[in-house]
Amino acid sequence: MGEVHRLTLGDVLGEHRRSRPLGIACVDGDVRLTYPDLDERVNRLANALAADGMVAGDRVLWLGQNSFRVLELLLAAARLGAICCPANWRQSADELAFVLGDLTPHVVVWEDSEAVRKAREVAEGEGVPPDARWIAAGEEYESYLAAAPAGQPAGEVPPDAPVLALYTAAFDGRPNAALLSHAALIAHSMSLLHIRQMESGFTFLNCGPLFHVGTMMFCLATLQLGGTNVFTPAFEAEEVCRLIEAERCTQAFLFGPMIDGLVQANQKGAYDLSSLRFVSHSPEWDAMITVDDSPWCAAKMGGYGQTEVGGMLTFLGLGLGGAGQAGRPSPLTHVRILDADGAEVPAGEVGEICARGQSVFSGYWARPELSEAKSAGGWHHTGDLGRREDDGTITFIGPRLRMIKSANENIYPAEVERALKTHPSVADAAVIGVPDDRFGQTVKAIVRLDDGADVGADDIVEHVRSQIASYKRPRHVEFVESIPKKGHLPDYDALDEQHGGGAYPGA
């Protein structure tokens, strides 16, 4: 790629410093940064990281809740050709220790919590990461920046270099870090800008987790546009209402239960939420906000997507009135429905959703065999089943491998089963999803105990909570004499029938 064609996230920020010198880039509590402010801080951070020996391809890990520092770390990594990973702060100490050992970050920036402290002890006890520098968010972080020069680091970064790592896809019980390049993130942002019809002055409230692509994709599209990103550590209904009013937020990361929480928090009309342009949800909600008429929200938000494609692969707004409930592909991708041999199936037949295009990821960190398998035949294999309808729209059928969808979180049975089986009294276990009026699905554990074991459901749930993120824990536990099998795996169809499973994605 010639120099005249090069564009990275660092270049995007550098252009906004020049073309939007008065624009507010970030708001986080008392912190308000213009684009020149953000550019200078990012340069200082990049120079500090470089002085610590960070080079292209090295990783910087964020262990904490939402913060403007996540965006700073990502953009500093972008200036160095390095990779930034915001970890899932809701994970257990065991899961965070796994991430530390798997990603082997050069630098860790962290917010104090019991899980992070325990994870550090476990990882350092095992010798990984061997030489990571740990920097506490707050005064230490600010001193680290202030001591570094403000000039932009020298050197060119290729647009196809990975810059963002997001852990996802726990196919075998442990997650994998999907790597997204500058070019992929910029391409996805441009598609989202178009579909959402984002305009100058767009303000996004980062109230969903930044380790989730659903929040990160809007954060980066807002950056691409030169809008304002507002950060709050985590979703808290009344604080979100306050921020929407105070910052005149245009968009926020919200889904059904979160919206219901905002309606409850604002039932007396204490906050003016009219700046928020969002999808229709209920009469009470619609009266508080401005119902958005862009293609993103015209009928129902979204489409079909996953972390590995930067967020969205198809958009409902491109297929309004069509037969397929996932819409049509993003303008910068193309989709094929392929059979097991890699041949395209006719319209109306089910196959695997596969994709090519500028927003597709670069593979998984340290997973060469999995990365190769996912890109077999020159197509990204999503692992999800779909169908192209006669009118060309796409219908999402469901994961090829079983997955539970609780609220907006993907939960893989293998990951929960691994945690269950570490309990000293559990002989075998399987996990299914059961319908739930609020969350869509919740997790049910089917457990066979060792002979003579006397363990209750609460003990099983608490054990899982200590092993993995709390939202993945079973909400229901049933004890059985045996678990039906298909080969060496649980017979999930039989378990669903016996124990009330259902409401899986695409069902």
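All of the points below concern the structure found in this document. (Residues numbered from 1 in each chain as written. Predicted model: local features only at pLDDT ≥ 70, side-chain atom pairs only at ≥ 80, totals over all residues. Heavy atoms only, no water.)

Turning next to the overall build of the protein chain. Each helix and strand in the protein chain was counted, giving 15 helices and 27 strands. Against the compact-globule benchmark of 23 Å for 507 residues, the protein chain has a radius of gyration of 23 Å, which places it among compact chains. Considered along the principal axes of its C-alpha atoms, the protein chain spans approximately 65 × 55 × 55 Å. Within the span of the protein chain, comprising 507 residues, buried residues form 57% of the whole. In the protein chain, 67% of the contacts between residues at least 6 apart in sequence involve partners at least 24 apart. Here the protein chain has roughly 20600 Å² of accessible surface; of this, 49% comes from carbon and sulfur atoms. (Helix = DSSP H or I, 4+ residues; strand = E, 2+ residues; numbered from the N terminus. Rg over C-alpha atoms; globule rule 2.2 N^0.38 Å. Buried < 20%, exposed > 50% of the residue type's maximum accessible area, 1.4 Å probe, protein only. Contact = heavy atoms within 4.5 Å. Areas by Shrake-Rupley, 256 points an atom, 1.4 Å probe, with all protein chains shown as cover.)

A general trend in soluble globular proteins is that nonpolar side chains are found buried together. If you look at the biggest cluster of nonpolar residues, it comprises 67 residues, and the most contacted ones within it are Leu 38 and Leu 71. Every residue in contact with Leu 71, bar those within four places of it in the chain, is listed here: Cys 26, Leu 38, Cys 219, Leu 220, Leu 223, Asn 229 and Phe 231. Of all hydrophobic cores here, the second largest spans 39 residues; its members include Met 217, Leu 243, Ile 244 and Cys 297. (Core = buried A, V, L, I, M, F, W, Y, C linked by side-chain atoms within 4.5 Å.)

This part covers the sheet that holds strand E25 (residues 476-479). Judged by pairing direction, the sheet is mixed, and its three strands sit side by side in the order E23-E24-E25 without closing on themselves. Of all the strands in the sheet, the pair left with one neighbour each is strand E23 (426-436) and E25. Neighbour-to-neighbour, the strand axes of the sheet open up by a mean angle of 25°, direction not taken into account. When E23 meets strand E24 (residues 440-449), the two strands line up antiparallel, connected through ten bridges. Bridging across to E24, Gly 433 finds its partner in Val 443. Helix H14 (residues 457-467) rests against E23 and E25 of the sheet, and its axis sits at about 125° to E25. (Pairing = 2+ DSSP bridges. Axes fitted to C-alpha atoms, helices over the stretch in contact; angles between N-to-C directions.)

Right, let's talk about the environment of Pro 175 for a bit. Mapped onto the elements, Pro 175 comes out in the loop between strand E7 (162-168) and strand E8 (176-181). Pro 175 sits 77 residues away from Phe 98 along the chain, and the two C-alpha atoms are 9.3 Å apart.

Time to look at the packing of aromatic side chains. Applying the stated criterion across every chain yields a total of eight aromatic pairs. Measuring from ring centre to ring centre gives 6.1 Å for Trp 296 and Phe 315, while their planes differ by 65°; the resulting arrangement is edge-to-face. Highlighted residues: Trp 296 in the loop between strand E13 (290-291) and strand E14 (303-306) and Phe 315 in strand E15 (residues 311-315), separated in sequence by 19 residues. As far as burial versus exposure is concerned, Trp 296 and Phe 315 are alike and both buried. Among the aromatic residues, those joined into a ring-pair cluster are Phe 204, Phe 218, Trp 296 and Phe 315. (Phe/Tyr/Trp six-rings, centres within 6.5 Å; stacked < 30°, edge-to-face > 60°.)

Judged by how many residues are buried, strand E20 (residues 394-399) sits mostly within the fold: five of six residues are covered. Note: strand E19 (residues 380-388) against E20, five bridges, orientation antiparallel. Across the sheet, residue Gly 386 finds its bridge partner in E20, namely Phe 396.

Even without being glycine, Gln 197 reaches a positive phi, approximately 55°. Within the secondary structure, Gln 197 is located in the loop between helix H7 (182-196) and strand E9 (203-206). Here Arg 248, not a glycine, exhibits a phi torsion of approximately 50°, which is positive.

Our next topic: the pairing of E25. Across four bridges, E24 lies against E25 in parallel orientation. In the sheet register, Ile 446 faces E25, and the bridge partner there is Glu 478. Considered for its hand, the β-α-β crossover made up of E24, H14 and E25 is right-handed. (Right-handed = clockwise from strand over helix to strand, strands pointing away.)

What describes two packed helices is the angle between their axes and the distance between those same axes. The N-to-C vectors of helix H2 (residues 35-51) and helix H3 (residues 68-80) enclose an angle of 60°; their axes lie 8 Å apart at closest approach. Classified by the interaxial angle, the pair formed by H2 and H3 is oblique. Between H2 and H3 lies a crossing whose hand is right-handed. Here H2 contributes Leu 38, Asp 39, Arg 41, Val 42, Asn 43, Leu 45, Ala 46, Leu 49 and Ala 50 to the contact with H3, which in turn contributes Phe 68, Leu 71, Glu 72, Leu 73, Leu 75, Ala 76, Arg 79 and Leu 80. (Parallel < 35°, antiparallel > 145°, perpendicular 65-115°, else oblique. Left-handed = near helix turned anticlockwise from the far one by under 90°.)

By themselves, these observations are geometric and do not establish any function.
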